[in-house]
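A structural walkthrough
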Amino acid sequence: MFESEPLTEAVEILGFPEFEVTLASDKPMAILSATLSLVLDDGEAADVSYGILNLSHR
């Protein structure tokens, strides 16, 4: 799991979010998933966007 540090400034995200990663797997079947979440001041998180990629089709 990857989590970033809290942002020091507000960031407006418009359009289609993109996620770029380089990875390797020793398994014939794998799935990659990513979630973009808004973390509120009280610690609650709200999903903004997500993506799932079946790596066996790559």
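Now for a look at the structure at hand. Owing to the predicted nature of the structure, the values given are computational and were not obtained by experimental measurement.

Further remarks concern the overall build of the protein chain. Secondary structure assignment for the protein chain yields 0 helices and 2 strands. For the protein chain, buried positions account for 0% of its 58 residues. For the protein chain, restricting intrachain contacts to residue pairs at least 6 apart in sequence, the fraction spanning at least 24 positions comes to 19%. Carbon and sulfur atoms form 54% of the exposed surface of the protein chain, whose accessible area is close to 6100 Å².

A word on the environment of alanine 46. Looking at the secondary structure, you find alanine 46 in strand S2 (residues 45–54). Placed 43 residues apart in sequence, alanine 46 and glutamate 3 show a C-alpha to C-alpha distance of 15 Å. Residues contacting alanine 46, with those up to four places away along its chain left out, are Leu36, Ser37 and Leu38.

Another aspect to go through is the pairing of S2. Burial analysis of S2 places just 0 of its 10 residues in the buried class, which makes it a mostly uncovered element. As paired elements, strand S1 (residues 31–39) and S2 share 9 bridges and run antiparallel to each other. Following the sheet pairing, leucine 38 is matched in S2 by alanine 46. The loop that links S1 with its antiparallel partner S2 comprises 5 residues; one of these, glycine 43, has a positive phi angle of about 95 degrees.

What follows deals with a nonpolar patch on the surface. The grouping of Leu7, Val11 and Ile13 at the surface amounts to a nonpolar patch, some 320 Å² of accessible area in total. Among the residues examined, valine 11 registers a relative accessible area of 54% and is labelled exposed.

The rules behind these values
- Residues numbered from 1 in each chain as written.
- Predicted model: local features only at pLDDT ≥ 70, side-chain atom pairs only at ≥ 80, totals over all residues.
- Heavy atoms only, no water.
- Helix = DSSP H or I, 4+ residues; strand = E, 2+ residues; numbered from the N terminus.
- Buried < 20%, exposed > 50% of the residue type's maximum accessible area, 1.4 Å probe, protein only.
- Contact = heavy atoms within 4.5 Å.
- Areas by Shrake-Rupley, 256 points an atom, 1.4 Å probe, with all protein chains shown as cover.
- Pairing = 2+ DSSP bridges.
- Patch = residues over 30% accessible without salt bridge, like charges linked within 9 Å, V, L, I, M, F, W, Y side chains within 5 Å.
- Salt bridge = Lys/Arg side-chain N within 4 Å of Asp/Glu carboxyl O.

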